[in-house]
Amino acid sequence: MTGREHADIVGLDLSLTSTGIAVIGTGRPWCATIESSGKADAPWESRYRRLGDLVLRVRAAITPGAFVVLEAPAYSRTTGSQHDRSGLWWMVHDRLVGSGCTVLPVGPNLRAKYATGKGNAGKDAVLAAAVRRYADIAITGNDTADAVVLAAIGCRLLGRPIDDPMPKTHLAALDTIRIPTEA
């Protein structure tokens, strides 16, 4: 535990084009995407403004002081716009920490394992598992499914599970996750 209460638990799956966000708090759980478009060969200033706009839109959707489970970068992946995606990740992380949020990065393999029991499960397997397990949340695609699973991990870690019972194979994903402590 972090030693503080968090009204909202947020799952955040960052993307340059379709960021998934899920919020589980005092109201009805919800999820959505925050969309953006741009070109990999856009001028540097345009790319910087795009990232800044995304950061502001993500930050506006999250209550200050929330517990945010942020999908960690997939260092093994080298798909396009890696530099911009890394910049976005660190800018969002910085903004959330600066607003009093506790930020817990969780790797894509642990998100997949929690959802399906297999750390190497593909995006569609995670989507199918999330739609079945969290039927009361309007999951609309892979981005929102990932965000809901990340939020569910946060809920379980904070002692507020939304998905009981869970198989032991799925719960094993939590064995290596440590909640950050206040500095």
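Our structure's up above, just so we're on the same page.
A brief look at the structure comes next. Model, not experiment: these values are computed from the prediction.

Turning next to the packing of aromatic side chains. As enumerated under the stated definition, the model contains 1 aromatic pair in all. Here the guanidinium or amino end of Arg47 rests over the ring plane of Trp44, the centre of that ring lying 4.1 Å away.

Looking at soluble globular proteins, one finds that nonpolar side chains tend to be buried together. The biggest cluster of nonpolar side chains holds 34 residues, and the ones touching the most others in it are Val106, Tyr114, Tyr134, Ile139, Val149, Ile153 and Ile177. Elements with a minimum of two residues in this core: β2 (18-24), β4 (67-71), β5 (102-106), α3 (108-116), α4 (123-133) and α5 (142-157). It is α5 that provides the largest number of residues to this core, a total of 10 residues. The residues contacting Val106, other than those within four sequence positions of it, are Val69, Leu70, Glu71, Ala72, Arg111, Leu150, Ile153 and Ile177. Counting 21 residues, the second largest nonpolar core, distinct from the first, contains Ile34, Ile62, Val68 and Leu88.

On to α5, then. An ideal rise of 1.5 Å per residue puts 22 Å on 16 residues; α5 measures up with 23 Å between its terminal C-alpha atoms. Of all 16 residues that make up α5, 14 are buried, and the element is covered over most of its length. Gly159, located one to two residues past α5, shows a positive phi value of around 80°.

Across the 5 residues of β4, 5 count as buried, placing the element largely inside the fold. Where burial is concerned, the two faces of β4 agree: the one with Phe67, Val69 and Glu71 and the one with Val68 and Leu70 are both buried. As defined by bridge partners, strand β1 (residues 9-13) adjoins β4 across 4 bridges and the pair is classed as parallel. Bridge pairing links Val10 to Val68 in β4. Pairing of β4 with β5, which is carried by 5 bridges, proceeds in the parallel orientation. For Val68, the partnering residue across the bridge sits in β5 and is Val103.

Rules used throughout
- Residues numbered from 1 in each chain as written.
- Predicted model: local features only at pLDDT ≥ 70, side-chain atom pairs only at ≥ 80, totals over all residues.
- Heavy atoms only, no water.
- Phe/Tyr/Trp six-rings, centres within 6.5 Å; stacked < 30°, edge-to-face > 60°.
- Lys NZ or Arg CZ within 6 Å of the ring centre and 35° of its normal.
- Core = buried A, V, L, I, M, F, W, Y, C linked by side-chain atoms within 4.5 Å.
- Buried < 20%, exposed > 50% of the residue type's maximum accessible area, 1.4 Å probe, protein only.
- Helix = DSSP H or I, 4+ residues; strand = E, 2+ residues; numbered from the N terminus.
- Contact = heavy atoms within 4.5 Å.
- Expected span 1.5 Å × (residues − 1).
- Pairing = 2+ DSSP bridges.

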